[in-house]
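# Structure assessment
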Amino acid sequence: MKKIKKTNAARILDNLKINYEVKSYEVDENDLSAIHVAETMNLDIEKIFKTIVVRGDKNGIIMAVINGADEVDLKKLAKVSSNKNVEPVALKELQPLTGYIRGGCSPLGAKKNFPVYLDSKAMKQEKISISAGVRGEQIILSPNDLITASNAIVAEIVRT
């Protein structure tokens, strides 16, 4: 039997005794979008959440966890995070900052414990799917368990 290598995100959940499920999917290097992940995993896009890493002018690096079909509203995120403005980090900065690559960035288990802001839409779902920290794997858990594990702040942070 092949032993599955646990990601940092999964280890954090294990240590907190939080129930979750890991699901694998086929990675398409040409399409790393959350919409593609949803289609590949045969999941409703409303359940898929992606992590956007931004830098605030006052408080530094922040992780925004939003629905896969949505776009982060930088003004709303700046306001709730006590910044004047926030900007997405450059792709080349993502791995040095977080330890994660595009398409495999999890709000759990980054190099540092960055503040996490979870869009309020997540609270409408019984379970949500987030990156496990590697391309091709998603962690499915309740939004409340993600809040517990990441100390996430729930706020409206997407464009409407």
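Residues numbered from 1 in each chain as written. Predicted model: local features only at pLDDT ≥ 70, side-chain atom pairs only at ≥ 80, totals over all residues. Heavy atoms only, no water.

### Things to note about the pattern of salt bridges
Under the definition given, this model contains six salt bridges. Here Asp14 and Lys6 are joined by a salt bridge, their closest N and O atoms 2.7 Å apart. Classification of Asp14 as partly exposed rests on a relative accessible area of 32%. One salt bridge connects Glu29 with Arg135, and the closest N-O pair in it is separated by 2.7 Å. Note that Glu29 is positioned in the loop between β1 (21-24) and α2 (34-41) and Arg135 in the loop between β6 (128-131) and β7 (137-141), a separation of 106 residues in sequence. Relative accessible area serves as the criterion here: at 27%, Arg135 is assigned to the partly exposed category. (Salt bridge = Lys/Arg side-chain N within 4 Å of Asp/Glu carboxyl O. Buried < 20%, exposed > 50% of the residue type's maximum accessible area, 1.4 Å probe, protein only. Helix = DSSP H or I, 4+ residues; strand = E, 2+ residues; numbered from the N terminus.)

### Topic: the environment of Ala64
Mapped onto the fold, Ala64 is located in strand β3 (residues 60-67). Along the sequence, Ala64 and Leu74 sit ten residues apart, while their C-alpha atoms lie 9.8 Å from each other. The contacts of Ala64, once residues within four sequence positions are left out, are Lys50, Thr51, Ile52, Val72, Leu77, Tyr117 and Ile157. (Contact = heavy atoms within 4.5 Å.)

### Thoughts on the pairing of β7
Along any regular strand, the residues point their side chains to alternate faces of the sheet. Of all five residues that make up β7, five are buried, and the element is covered over most of its length. Residues Glu137, Ile139 and Leu141 of β7 are buried on one face, and the alternating residues Gln138 and Ile140, pointing to the opposite face, are buried as well. In the sheet, β1 pairs with β7 via four bridges, with the strands oriented antiparallel. Counted as the bridge partner of Glu21 is Ile140 from β7. Here β6 runs beside β7; their pairing, made up of four bridges, is antiparallel. Residue Ser131 lies in a different strand from β7, and its bridge partner there is Gln138. Hairpin geometry of β6 and β7 is characterised by an intervening segment of five residues between the two adjacent antiparallel strands and by a positive phi of about 110° at Gly133. (Pairing = 2+ DSSP bridges.)

### Quick word on the sheet that holds β3
Read across the open sheet, the five strands follow the order β4-β2-β3-β5-β8; overall the sheet is mixed. If you trace the sheet from one side to the other, it starts and ends with β4 (86-88) and β8 (153-155), each paired once. For this sheet, the mean inter-axis angle between neighbouring strands, taken without regard to orientation, is 35°. Its contacts with the sheet place helix α4 (residues 91-98) against β2 (49-56) and β3, and it is angled at close to 95° to β2. (Axes fitted to C-alpha atoms, helices over the stretch in contact; angles between N-to-C directions.)

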